[in-house]
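# Working through the structure, step by step
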Amino acid sequence: MLVKIHDSWKKVLQNEFEKEYFDTLIRFVKEEYQSHTCYPPGNQIFAAFDICHFEDVKIVIIGQDPYHGKGQANGLCFSVNDGIPFPPSLINIFKEIQSDLGQPIPATGNLEHWAKQGILLLNATLTVRESQAGSHQNKGWETFTDAVIKKISDEKKEVVFLLWGGFAKKKGLKIDRTKHFVLETGHPSPLSANRGLWFGNKHFSKTNEYLKSIGKPEIKW
């Protein structure tokens with residue numbers, strides 16, 4: 001089950017894999033997957049890293065927990081598998097894209113095509129027990145994903161970081177804003193969106209404008 005992660009990340013994260021907290025974390029995750037139903041499937045825990053390689057990262061979107069319902073989580077934050085109804089936050093993401101770029105709501109909530117274009121869809125916690133939101137928090141995943149964000153910030157330049165909601169903004173404190181492009185707004189969840197903190201942020205057009213300005217291909221959202 002673990003650790004399947006693309007070679008490009010193994011090089012930059014090798015130090016993390018060798019730390020005691022990571023060893024403890026992996027043992028916890030293995031035990032959880034053996035004794036409970038957990039998501040995403042074991043071979044998709046590191047899907048965000050397997051699909052979007054380190055050298056290809058152009059954009060980072062930070063989520064919190066994987067979805068904890070059957071068949072939803074696929075290792076990419078905010079993304080669900082083909083044929084799965086869209087969760088409320090994903091609906092609001094698609095509505096903002098529709099408003100911002102004039103694109104129709106897609107037929108699938110699978111965001112793998114984003115990841116293939118250089119978007120790291122990073123959840124702060126990479127696993128969860130079925131029907132128990134937050135059940136794998138504070139076990140070490142947050143330390144690991146903080147290290148991922150810091151590595152990207154330190155070793156790359158001109159990466160777009162999209163920080164949606166207070167949790168993502170807190171994770172974003174590790175970003176060097178003198179050499180990266182950071183956009184912040186409310187979370188796309190109905191609670192935040194209905195209070196006027198999400199819609200109208202235009203993050204998708206702003207991201208493409210920035211990419212165009214530095215000579216990189218725009219994202220096909």
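Use the structure listed above.
Sequence order as written defines the numbering, with residues in each chain counted from 1. At least 70 in pLDDT is required for a residue's local features to be given in this predicted model, at least 80 for side-chain atom pairs to be given and counted, and no such filter applies to totals for whole chains, interfaces and linings, which use all residues. Side-chain measures were taken over the full set of non-hydrogen atoms in the model, leaving aside hydrogen atoms and water.

Before going further, it helps to examine the overall build of the protein chain. Helix and strand content of the protein chain: 9 helices and 6 strands. Relative accessibility decides the category of a residue: with a 1.4 Å probe and only protein chains considered, values under 20% of the type maximum give buried, values over 50% give exposed, and everything between is partly exposed. Across the 221 residues of the protein chain, 53% fall into the buried class. A fraction of 66% describes how many contacts in the protein chain between residues 6 or more apart in sequence connect residues 24 or more apart. As displayed, the protein chain offers around 10200 Å² of accessible surface, 50% of which is attributable to carbon and sulfur atoms. Helix and strand assignments come from DSSP, with helices taken as H or I runs of at least 4 residues and strands as E runs of at least 2, each series counted from the N terminus. Contact between two residues is taken to exist if any of their heavy atoms lie within 4.5 Å; hydrogens are not considered. Exposure was quantified through the Shrake-Rupley algorithm and a 1.4 Å probe, taking into account, for residues, occlusion by the shown protein chains and nothing else.

Attention now goes to the side chain of Asn92. The topology assignment puts Asn92 in helix 4 (residues 88-101). Non-local contacts of Asn92, meaning those with residues more than four positions away in its chain, are made with Pro188, Ser189, Pro190, Ala193, Trp198 and Phe199.

Only one rule defines a salt bridge in this text: a Lys or Arg side-chain nitrogen within 4 Å of an Asp or Glu carboxyl oxygen. This structure, assessed with the given rule, holds 9 salt bridges. Among the ionic pairs, Glu16 bridges to Lys19, the shortest N-O distance being 2.8 Å. Given the relative accessible area of 39%, Lys19 is considered partly exposed. Among the ionic pairs, Glu112 bridges to Lys116, the shortest N-O distance being 3.3 Å.

Take the nonpolar core next. Among the buried residues, those of types Ala, Val, Leu, Ile, Met, Phe, Trp, Tyr and Cys that are joined through side-chain atoms within 4.5 Å form a nonpolar core. Of all hydrophobic cores here, the largest spans 67 residues; its most connected members are Trp9, Phe49, Ile61, Trp114, Leu120, Phe144 and Ile152. A per-element tally of this core places helix 2 (residues 20-35) first, with 6 residues. Look past the residues within four positions of Trp114 in its chain and what remains in contact with it is Ile61, Ile93, Ile97, Ile119, Leu121, Phe204, Lys220 and Trp221.

To continue, consider the sheet that holds strand 5 (residues 160-164). Two strands pair under a simple rule: DSSP has to find at least two bridges between them. The strand order across the open sheet built from 4 strands is 3-2-5-6, with neighbouring strands paired in parallel fashion. Two strands in the sheet have a free side with no partner beyond their single neighbour: strand 3 (119-123) and strand 6 (181-185). Taken pair by pair, the neighbouring strands of this sheet meet at an average axis angle of 15°, ignoring direction. Pairing between strand 5 and strand 6: 5 bridges, direction parallel. The residue of strand 6 that forms the bridge with Leu163 is Glu184. Every angle, taken between N-to-C directions, lies between 0 and 180 degrees, and every axis is a line fitted to C-alpha atoms, over only the stretch in contact when it is a helix.

The next thing to look at is unusual backbone geometry. Residues Tyr39 and Pro40 are joined by a peptide bond in cis, for which omega reads -10°. Position of Pro40 relative to the elements: it lies in the loop between strand 1 (38-39) and helix 3 (47-51). Here the phi dihedral of Ser131 falls at roughly 65°; this positive angle occurs in a residue that is not glycine. Summarising the element assignment, Ser131 is placed in the loop between strand 4 (128-129) and helix 6 (141-155). Located in the positive-phi region is Asn138, a residue other than glycine, with phi close to 60°. A residue is classified by how much of its surface remains accessible, and Asn138, at 69% relative accessible area, is exposed.

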